[in-house]
Amino acid sequence: MAEPAAMPPPWRVLLSVLILPGTITVAVPLLLLRSFDSTPGWTLAGGAALAPLVLGLGLVGYGLRLMGQTNSLLRRRGGGTLAPWDPTKRLVVSGPYRRVRNPMISGVFAVLAGEATLFGSASLFGWLALFVTANLIYLPLVEEAGMMKRFGRDYLAYKDNVPRWIPRSTPWHRRNG
């Protein structure tokens, strides 16, 4: 078994989180909410107004948990960060990466969907749609091409067995050899 990659210092992980998902899930949504109307509870009557609030909080919580898990794995097992300027040195195929190739982006999607639902904001739903569209283009053309260059056959085997967006029902196990 190969030696584990050296972990980057925590400040590099924090910087990548602040710049990337921090901008996507906090800075841009705050600007949009300040500029456009939001309707928490979606003007639903009585107890029904709690449904979008509970759903939104659940999505945000799930997304944050997934983002935290993947950041930890990228640092500990991959020896890098989520940032393209500080990528992992080793291919990470454990934890949520055993079911889906892009759990970090899935976590960001969940946070954005949760925020849009929580605040009843059309502008946040629009931001989610724009971000999803950008990733539908970026991931296959740029990120996956970079992964192929860095990890070759190991990434190809992973890519052939683990879907990009829709999680596998059972975790994938890499075969050694």
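See above for the structure.
Attention in this report is confined to the structure presented alongside it.

Thresholds, definitions, all that
- Residues numbered from 1 in each chain as written.
- Predicted model: local features only at pLDDT ≥ 70, side-chain atom pairs only at ≥ 80, totals over all residues.
- Heavy atoms only, no water.
- Helix = DSSP H or I, 4+ residues; strand = E, 2+ residues; numbered from the N terminus.
- Expected span 1.5 Å × (residues − 1).
- Bend = angle between axes of the 7 residues up to and from the residue.
- Buried < 20%, exposed > 50% of the residue type's maximum accessible area, 1.4 Å probe, protein only.
- Contact = heavy atoms within 4.5 Å.
- Salt bridge = Lys/Arg side-chain N within 4 Å of Asp/Glu carboxyl O.
- Phe/Tyr/Trp six-rings, centres within 6.5 Å; stacked < 30°, edge-to-face > 60°.

### Considering helix H2 (residues 21-35)
The end-to-end C-alpha separation of H2 is 21 Å, in line with the 21 Å expected for 15 residues at 1.5 Å each. Within H2, the axis deviates most sharply at Pro29, by approximately 25 degrees. Of all the residues in H2, the buried ones are Pro21, Gly22, Ile24, Thr25, Val28, Pro29 and Leu32. Where H2 is buried, its residues contact helix H1 (10-19), helix H3 (50-76), helix H4 (103-119) and helix H5 (122-161).

### Quick word on the pattern of salt bridges
Enumeration according to the criterion identifies five salt bridges in this entry. For Asp86, the salt bridge is made with Lys89, and the minimal N-O distance between the two is 3.8 Å. One salt bridge in this structure joins Arg101 and Glu144, with 2.9 Å as the shortest N-O distance. In this pair, Arg101 sits in the loop between H3 and H4 while Glu144 sits in helix H5, placing the two residues 43 residues apart along the sequence. Pair check on accessibility: Arg101 and Glu144 agree, each one buried. Members of the salt-bridge network, linked through shared partners, are Arg101, Glu144, Lys159 and Arg164.

### Details of the packing of aromatic side chains
Considering all chains together, one arrives at six aromatic pairs under this definition. Relative to Tyr158, the ring of Tyr155 lies with its centre 6.2 Å away and its plane at 50 degrees, an arrangement referred to as tilted. Taken as a pair, Tyr155 and Tyr158 lie in helix H5 at a separation of three residues, close to a single helical turn. In textbook terms, an aromatic cluster arises when at least three aromatic residues are bridged by ring pairs, as seen for Phe109, Trp127, Phe131 and Trp165.

Shape descriptors only; they carry no functional weight alone.
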